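One-letter residues, chain by chain:
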Amino acid sequence: MLPNDPVMLLSYVNTQLRDHYKTLDDLCSSLSIDREELILKLSSIDYQYAPEQNRFI
């Protein structure tokens with residue numbers, strides 16, 4: 001289960017990307033997460049995915 005709070009979600013997702021997944025698509029596929037929904041939720045706290053860094057900044 002993913003954290004519902006956007007800040008906690010950010011921390012969780014960035015940790016997963018750093019430690020386990022090479023891309024956001026890999027993470028979303030593996031965890032059955034809707035990519036666009038995740039991007040929208042994290043954009044609500046002004047974070048965008050940076051593919052060159054493989055994290056939300």
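Our subject is the structure that appears above.
On a predicted model such as this, the values are computed, not experimentally measured, just so you know.

Quick look at helix H1 (residues 6-19)
Between its terminal C-alpha atoms H1 stretches 20 Å, which fits the 20 Å expected from 14 residues at 1.5 Å a residue. For H1, the full list of buried residues reads Pro-6, Leu-9, Leu-10, Val-13, Asn-14, Gln-16 and Leu-17. Buried residues in H1, looked at end-on, bunch into an arc of 160°, giving them a common side. Facing away from the buried side of H1 by more than 90 degrees, the exposed set consists of Val-7, Met-8 and Arg-18. The inward-facing, buried residues of H1 contact helix H2 (24-31), helix H3 (35-43), strand E1 (49-50) and strand E2 (55-56). The N-terminus of H1 is capped by Asp-5, whose side-chain oxygen sits 3.1 Å from the backbone nitrogen of Val-7.

A few points about the nonpolar core
Counting 13 residues, the largest nonpolar core has Leu-17, Leu-24, Leu-27, Leu-38 and Phe-56 as its most contacted members. For this core, the elements supplying multiple residues, two or more each, are H1, H2 and H3. The leading source of residues in this core is H1, at four residues.

Some remarks on the packing of aromatic side chains
For the structure on display, the rule yields one aromatic pair. Relative to Phe-56, the ring of Tyr-49 has its centre 5.4 Å away and its plane inclined at 55°; by these criteria the two rings are tilted. Looking at Tyr-49, the relative accessible area reads 17%, which means it is buried.

As for the packing of H1 against H2
Where H1 meets H2, the closest approach of the two axes is 10 Å, and the angle between their N-to-C directions is 105°. With respect to H2, the element H1 is oriented roughly perpendicular. Judged by residue contacts, Tyr-12, Val-13, Gln-16 and Leu-17 of H1 engage Leu-24, Leu-27 and Leu-31 from H2. A breakdown of the residues in the contact of H1 with H2 according to their chemical character gives six nonpolar, one polar and no charged.

Comments concerning the environment of Arg-18
Structurally, Arg-18 can be placed in helix H1. Through-space distance from the C-alpha of Arg-18 to that of Gln-53 is 9.3 Å; in sequence the pair is 35 residues apart. Among the polar contacts made by the side chain of Arg-18, one reaches the side chain of Asp-19 at a distance of 2.8 Å.

Reading the values: the criteria
- Residues numbered from 1 in each chain as written.
- Predicted model: local features only at pLDDT ≥ 70, side-chain atom pairs only at ≥ 80, totals over all residues.
- Heavy atoms only, no water.
- Helix = DSSP H or I, 4+ residues; strand = E, 2+ residues; numbered from the N terminus.
- Expected span 1.5 Å × (residues − 1).
- Buried < 20%, exposed > 50% of the residue type's maximum accessible area, 1.4 Å probe, protein only.
- Arc of directions from axis to C-beta.
- Contact = heavy atoms within 4.5 Å.
- Polar contact = N/O pair within 3.5 Å; in protein donor to acceptor, adjacent residues only side chain to side chain.
- Core = buried A, V, L, I, M, F, W, Y, C linked by side-chain atoms within 4.5 Å.
- Phe/Tyr/Trp six-rings, centres within 6.5 Å; stacked < 30°, edge-to-face > 60°.
- Axes fitted to C-alpha atoms, helices over the stretch in contact; angles between N-to-C directions.
- Parallel < 35°, antiparallel > 145°, perpendicular 65-115°, else oblique.
- Nonpolar A, V, L, I, M, F, W, Y, C, P; charged D, E, K, R; others polar.

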